[in-house]
Amino acid sequence: VQLQASGGGLVQTGGSLRLSCAASGRTVSNYAMGWFRQAPGKEREFVAGINWTGETTFYADSVKGRFTISRENAKNTLYLQMDSLKPEDTAVYYCAAYKFRHSVYNDYKTGAYYWGQGTQVTVSS
């Protein structure tokens, strides 16, 4: 599975960005997917996850109500709509795919199996 994230950039506080993750290789539409991020000097952290149908989503508390994860299986593409961005959202964002179709929240946090390269998101104050 190859995952290619895009859509990062520089935005002011309160602005919006939409990240995309194009998948190729294995049919990832059969598996859950997610977004993670890593800020400078910090460990990579879970941001959001979505099951294989797109019907169930999970969010980290820090982004709940501001970020929306979605997927378009016909296009093998994962999205992350980020609104009301804050300086603390500044990080490299990574998309990931799992080896399950659906699971509990903790598995989305720790069970990512395939990783894409990151895309930089910078939020200026």
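Predicted, not measured: the structure shown is a model, and the values here were computed from it.

Calculation rules
- Residues numbered from 1 in each chain as written.
- Predicted model: local features only at pLDDT ≥ 70, side-chain atom pairs only at ≥ 80, totals over all residues.
- Heavy atoms only, no water.
- Helix = DSSP H or I, 4+ residues; strand = E, 2+ residues; numbered from the N terminus.
- Buried < 20%, exposed > 50% of the residue type's maximum accessible area, 1.4 Å probe, protein only.
- Contact = heavy atoms within 4.5 Å.
- Pairing = 2+ DSSP bridges.
- Axes fitted to C-alpha atoms, helices over the stretch in contact; angles between N-to-C directions.

Caption draft 1: Representation of the environment of Ser29. Tracing the chain through its elements places Ser29 in the loop between β3 (17-24) and β4 (33-38). The class of Ser29 is buried, set by a relative accessible area of 14%. Spatially, the C-alpha atoms of Ser29 and Thr53 are 7.7 Å apart, while their sequence positions differ by 24 residues. Those residues in contact with Ser29, other than ones at most four positions away along the chain, are Trp52, Arg71, Asn73 and Asn76.

Caption draft 2: Highlighting the environment of Thr56. By the secondary structure assignment, Thr56 is in the loop between β5 (45-50) and β6 (57-59). C-alpha separation for the pair Thr56 and Gly25, spaced 31 residues apart in sequence, amounts to 24 Å. The residues contacting Thr56, other than those within four sequence positions of it, are Gly49, Ile50, Asn51 and His102.

Caption draft 3: The sheet that holds strand β8 (residues 77-82), seen in detail. Pairing within the open sheet is antiparallel, and its 4 strands lie in the order β1-β3-β8-β7. The sheet terminates laterally at β1 (2-6) and β7 (67-72), the two strands that pair on one side only. The average undirected angle you get between the axes of adjacent strands in this sheet is 15 degrees. In this structure, β7 lies alongside β8, joined through 6 bridges in antiparallel fashion. Note on β8: the bridge partner recorded for Thr68 is Gln81.

Function cannot be inferred from these measures alone, as they are strictly geometric.
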